[in-house]
Amino acid sequence: MGQYFYFLMYFILKYVLAWIAYVNSLDTRLGESTWRWTYDYQVVGERDYSDLDDKDFVRLRRKKNKLVTIMYSIFLIMFVSFMSWLSKLLIFLLN
């Protein structure tokens, strides 16, 4: 059952990575990095003032930041579940 979960998470991760690459290709100012957030200094409860300057770019930047957050969340879920599986395997082998 666990291997199906890992395959599902892997395919979801590949899908999110493809979306990040697509969003990066829409504007050269976003850069080519898949692993880092773009610079977006948001204030809690207020809109980003740079939205007034370049709405399309700011919305693209926010979309990329959400995708990168989803990507890191998937990594965290995969890591925790793999460590759980590995600990169960070690307990089985050492008993």
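The present account deals with the structure reproduced in this document. (Residues numbered from 1 in each chain as written. Predicted model: local features only at pLDDT ≥ 70, side-chain atom pairs only at ≥ 80, totals over all residues. Heavy atoms only, no water.)

A few points about the packing of aromatic side chains
Per the counting criterion, the structure on display carries 6 aromatic pairs. Chaining the aromatic ring pairs together yields one cluster made of Tyr-15, Trp-19 and Tyr-22. Sitting over the face of the ring of Phe-57, Arg-29 holds its NZ or CZ atom 4.2 Å from the ring centroid. (Phe/Tyr/Trp six-rings, centres within 6.5 Å; stacked < 30°, edge-to-face > 60°. Lys NZ or Arg CZ within 6 Å of the ring centre and 35° of its normal.)

As for the side chain of Asp-27
As for its position among the elements, Asp-27 is in the loop between helix 1 (2-26) and helix 2 (55-94). Among the polar contacts listed, one links the side chain of Asp-27 to the side chain of Arg-29, at a separation of 2.9 Å. (Helix = DSSP H or I, 4+ residues; strand = E, 2+ residues; numbered from the N terminus. Polar contact = N/O pair within 3.5 Å; in protein donor to acceptor, adjacent residues only side chain to side chain.)

Here we look at the packing of helix 1 against helix 2
The interhelical angle for the contact between helix 1 and helix 2, taken along N-to-C directions, is 160°, at an axis separation of 10 Å. Comparing the axis directions of helix 1 and helix 2 gives the class roughly antiparallel. Pair helix 1 / helix 2 crosses with left-handed handedness. (Axes fitted to C-alpha atoms, helices over the stretch in contact; angles between N-to-C directions. Parallel < 35°, antiparallel > 145°, perpendicular 65-115°, else oblique. Left-handed = near helix turned anticlockwise from the far one by under 90°.)

Describing a nonpolar patch on the surface
A cluster of nonpolar side chains, contributed by Leu-76, Phe-79, Val-80, Phe-82, Met-83, Trp-85, Leu-89, Leu-90, Phe-92, Leu-93 and Leu-94, occupies part of the molecular surface with about 1,200 Å² of accessible area. With respect to the secondary-structure elements, Trp-85 resides in helix 2. (Patch = residues over 30% accessible without salt bridge, like charges linked within 9 Å, V, L, I, M, F, W, Y side chains within 5 Å. Areas by Shrake-Rupley, 256 points an atom, 1.4 Å probe, with all protein chains shown as cover. Salt bridge = Lys/Arg side-chain N within 4 Å of Asp/Glu carboxyl O.)

Let's talk about the nonpolar core
In terms of nonpolar packing, the biggest core is built from 13 residues, with Val-16, Ile-20, Val-23, Leu-30, Met-71 and Ile-74 touching the most fellow members. Those elements that provide at least two residues to this core are helix 1 and helix 2. Looking at which element gives the most residues to this core, the answer is helix 2, with 7 residues. Excluding residues that lie within four positions of it along the chain, Ile-74 makes contacts with Met-9, Ile-12, Leu-13 and Val-16. (Core = buried A, V, L, I, M, F, W, Y, C linked by side-chain atoms within 4.5 Å. Buried < 20%, exposed > 50% of the residue type's maximum accessible area, 1.4 Å probe, protein only. Contact = heavy atoms within 4.5 Å.)

Any functional reading would require information that these geometric values do not contain.
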